[in-house]
Amino acid sequence: MPRVIFREERCKGCGFCVEFCPKKILTLGDTMNNLGYQFVVMESIDKCTGCAICAMMCPEAIIEVKEA
């Protein structure tokens, strides 16, 4: 199972990762970070394939996908 790291404190809530996730398991959360943006959260880590499309699409490079 892949390990996905989100640096929520740097997320600007653009939603690119949410839009391009093939499994549709990413969403913008209800909580705001210190920058005043809703940040991305993963709903079901067990459904993540580790494709890293979310990391590739992130313009802020806040997502890191590692093999567990």
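Just above sits the structure.
Computed from a predicted structure; not experimentally measured.

Novice: So, the overall build of the protein: which residues are in play, and what are the values?
Specialist: Looking only at helices and strands, one finds two helices and four strands in the protein. At 11 Å, the protein has a C-alpha radius of gyration in line with the 11 Å of a compact globule built from 68 residues. With the principal axes as the frame, the protein shows a C-alpha extent of 30 × 20 × 20 Å. Across the 68 residues that make up the protein, the buried fraction comes to 29%. A fraction of 58% describes how many contacts in the protein between residues 6 or more apart in sequence connect residues 24 or more apart.

Novice: Could you give an account of the environment of valine 18, naming the residues involved and the relevant values?
Specialist: Assignment of secondary structure puts valine 18 in helix H1 (residues 16-20). Here the alpha-carbon distance between valine 18 and arginine 7, two residues 11 residues apart in the chain, equals 15 Å.

Novice: Let's hear about the pattern of salt bridges: which residues, and what values?
Specialist: Oppositely charged side chains may form a pair once their charged atoms are brought near each other. Scanning the entire structure with this criterion turns up three salt bridges. As a salt-bridge pair, arginine 7 and glutamate 64 come within 2.8 Å of each other at their nearest N and O atoms. Remark: glutamate 64 occurs in strand E4 (residues 63-67) and arginine 7 occurs in the loop between strand E1 (2-6) and H1; sequence separation between them is 57 residues. For arginine 7, a relative accessible area of 26% gives the class partly exposed. With a shortest N-O distance of 4.0 Å, glutamate 60 and lysine 12 are connected by a salt bridge. On the criterion of sequence distance, the pair formed by glutamate 60 in the loop between helix H2 (53-57) and E4 and lysine 12 in the loop between E1 and H1 is long-range, its members being 48 residues apart. In this structure glutamate 60 comes out as partly exposed when scored by relative accessible area, which is 31%.

Novice: How would you explain the nonpolar core if you had to name every residue and give the values?
Specialist: The biggest cluster of nonpolar side chains holds 14 residues, and the ones touching the most others in it are Phe6, Cys17, Leu26, Val40, Ile62 and Ile63. Beyond its immediate sequence surroundings of up to four residues, valine 40 is in contact with Phe6, Glu8, Cys11, Cys17, Val18, Leu26, Thr27, Leu28 and Ile62.

Novice: Describe the pairing of strand E2 (residues 26-32), naming the residues involved and giving the relevant values.
Specialist: Direction of pairing for E2 relative to strand E3 (residues 38-42): antiparallel, over a ladder of four bridges. Counted as the bridge partner of leucine 28 is valine 40 from E3. Between E2 and the antiparallel strand that follows it, E3, lie five residues; glycine 36 among them carries a positive phi value of about 90°.

How each quantity is defined
Residues numbered from 1 in each chain as written. Predicted model: local features only at pLDDT ≥ 70, side-chain atom pairs only at ≥ 80, totals over all residues. Heavy atoms only, no water. Helix = DSSP H or I, 4+ residues; strand = E, 2+ residues; numbered from the N terminus. Rg over C-alpha atoms; globule rule 2.2 N^0.38 Å. Buried < 20%, exposed > 50% of the residue type's maximum accessible area, 1.4 Å probe, protein only. Contact = heavy atoms within 4.5 Å. Salt bridge = Lys/Arg side-chain N within 4 Å of Asp/Glu carboxyl O. Core = buried A, V, L, I, M, F, W, Y, C linked by side-chain atoms within 4.5 Å. Pairing = 2+ DSSP bridges.

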